[in-house]
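Analysis of the macromolecular model
Chain by chain, the residues run as shown.
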Amino acid sequence: PQMIIPKYTEKDEQSWLRCRVLSFLNTAYFDNVLKEKETYENPAIELVAIIDNQVVGLIDIEYEVEPKSVCTTKDSLGGMIWHIAVHPDYQRRGIGEKLLEAAMLEAKKQQLTYLEAWTRDDKWVQSWYEKMDFKQTYAYYHLFFQENEMKLVPHENIPNFYPVTMFAHYTGEDLEAFRDLKRKHQCVCYVMNI
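Predicted, not measured: the structure shown is a model, and the values here were computed from it. (Residues numbered from 1 in each chain as written. Predicted model: local features only at pLDDT ≥ 70, side-chain atom pairs only at ≥ 80, totals over all residues. Heavy atoms only, no water.)

1. Observations regarding the layout of surface pockets
Estimated volume of the largest pocket: approximately 950 Å³. Lining the largest pocket are 37 residues, with Phe24, Ile84, Thr119, Val125 and Tyr129 positioned closest to its centre. Sort the elements by how many residues they give to the lining of the largest pocket and strand S4 (residues 78–86) lands first, with 7 residues. Its residues placed into classes, the lining of the largest pocket shows 19 nonpolar, 9 polar and 9 charged. (1 Å grid on protein atoms, 1.4 Å probe; cavity = no way out; pocket = protein on both sides within 12 Å on 5 of 7 lines; lining within 4 Å. Points joined across faces, edges and corners; volume = space filled by probe spheres on them. Helix = DSSP H or I, 4+ residues; strand = E, 2+ residues; numbered from the N terminus. Nonpolar A, V, L, I, M, F, W, Y, C, P; charged D, E, K, R; others polar.)

Okay, structure coming up:
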């Protein structure tokens, strides 16, 4: 079947959501489930890959009209890849690459100079970004504390405070204090010049 890459429209929302959820299931973002497609404060490039009237891939890039208003790394206009996903039944066919190529053409029209993306420590996802000429620029950690792990959080001196679960960012390098934490992910920033 032939694939087309049009701009996202509201009629694509349910298929877009299904594609994103299914594509994230086998990644470190497995629990990042959306019930509605995000909208953006700034202009955005929103494309979908369609086969047989079904969204099989997607890319959303919110872009800047003023440097550092969306992205974090450069003093020129950039675009943040908030979502890029390919339905598991259609992976390994070059759909992600074709979506990125189509989005880059639009990014050039908007005079963007780079794209930025953040991802967690799934090696195959990081390898894909590196294959697409993205370079790693920064990293920190996402820490997920469950009830039985709250002893690792320094909160004993806060009266009437009883955390049950918690999500935290850790920008340090010494993970020894969190060695017993079951779920922790390195969150990595990738940048590609256009």
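Moving on from the coordinates now.
2. What to know about the packing of aromatic side chains
Throughout the structure, instances matching the rule amount to 11 aromatic pairs. Arranged with centres 5.0 Å apart and planes meeting at 80°, the rings of Tyr129 and Phe134 form a pair that is edge-to-face. Measuring from centroid to centroid gives 6.2 Å for Tyr138 and Tyr140, while their planes differ by 35°, and the two rings are tilted. In this structure Tyr140 comes out as buried when scored by relative accessible area, which is 12%. Geometry around Trp16 places Lys37 over its ring, the cationic atom sitting 5.1 Å from the centre. (Phe/Tyr/Trp six-rings, centres within 6.5 Å; stacked < 30°, edge-to-face > 60°. Buried < 20%, exposed > 50% of the residue type's maximum accessible area, 1.4 Å probe, protein only. Lys NZ or Arg CZ within 6 Å of the ring centre and 35° of its normal.)

3. Some words on the environment of Glu101
Its location among the elements puts Glu101 in helix H2 (residues 95–109). Here Glu101 falls in the partly exposed class, since its relative accessible area comes to 43%. Sequence-wise, Glu101 and Asn53 are 48 residues apart; in three dimensions their C-alpha atoms are separated by 21 Å.

4. Notes on the pattern of salt bridges
As enumerated under the stated definition, the model contains 7 salt bridges in all. Residues Asp60 and Lys37 are paired through a salt bridge, measuring 2.7 Å at the closest nitrogen-oxygen approach. Residue Asp60 is located in strand S3 (residues 54–63), and its partner Lys37 is located in the loop between helix H1 (13–24) and strand S2 (44–51); the two are separated by 23 residues in the primary sequence. Note on Asp60: relative accessible area 0%, which makes it buried. One salt-bridge network, held together by shared partners, links Lys37, Glu46 and Asp60. (Salt bridge = Lys/Arg side-chain N within 4 Å of Asp/Glu carboxyl O.)

5. Re the sheet that holds strand S1 (residues 3–4)
Within the open sheet, the 8 strands sit side by side as S1-S2-S3-S4-S5-S8-S6-S7. Their pairing is mixed. Edge positions in the open sheet fall to S1 and strand S7 (166–170), since each of these has one partner strand only. Here S2 runs beside S3; their pairing, made up of 8 bridges, is antiparallel. Its bridge partner lying in S3, Leu47 is registered against Ile59. (Pairing = 2+ DSSP bridges.)

6. Some words on H1
Relative to the 16 Å expected for 12 residues at 1.5 Å per residue, H1 spans 16 Å between its end C-alpha atoms, a close match to the ideal helical length. Of all the positions in H1, only Ser15, Trp16, Leu17, Cys19, Arg20, Ser23 and Phe24 are classed as buried. Buried residues in H1 make contact with S2, S3 and S4. (Expected span 1.5 Å × (residues − 1). Contact = heavy atoms within 4.5 Å.)

7. Examining the nonpolar core
Among the nonpolar cores identified, the biggest contains 29 residues, and Ile59, Ile81, Ile95, Leu100, Leu115, Tyr129 and Phe134 are the most heavily contacted of them. Among the secondary structure elements, those contributing two or more residues to this core are S2, S3, S4, H2, strand S5 (114–119), helix H3 (123–131) and strand S8 (183–193). Among the nonpolar cores identified, the runner-up in size contains 13 residues, and Phe24, Leu58, Tyr140 and Cys187 belong to it. (Core = buried A, V, L, I, M, F, W, Y, C linked by side-chain atoms within 4.5 Å.)

8. Focus: H3
Val125, Gln126 and Tyr129 are the residues of H3 that are buried. In an axial view of H3, the angular spread of the buried residues amounts to 100°, which keeps them on one side of the axis. When the buried face of H3 is taken as reference, the exposed residues oriented beyond 90 degrees from it are Lys123 and Lys131. Buried-residue contacts for H3 involve S4, S5 and S8. Of the residues one or two after H3, Asp133 is the one with positive phi, at around 75°. (Arc of directions from axis to C-beta.)

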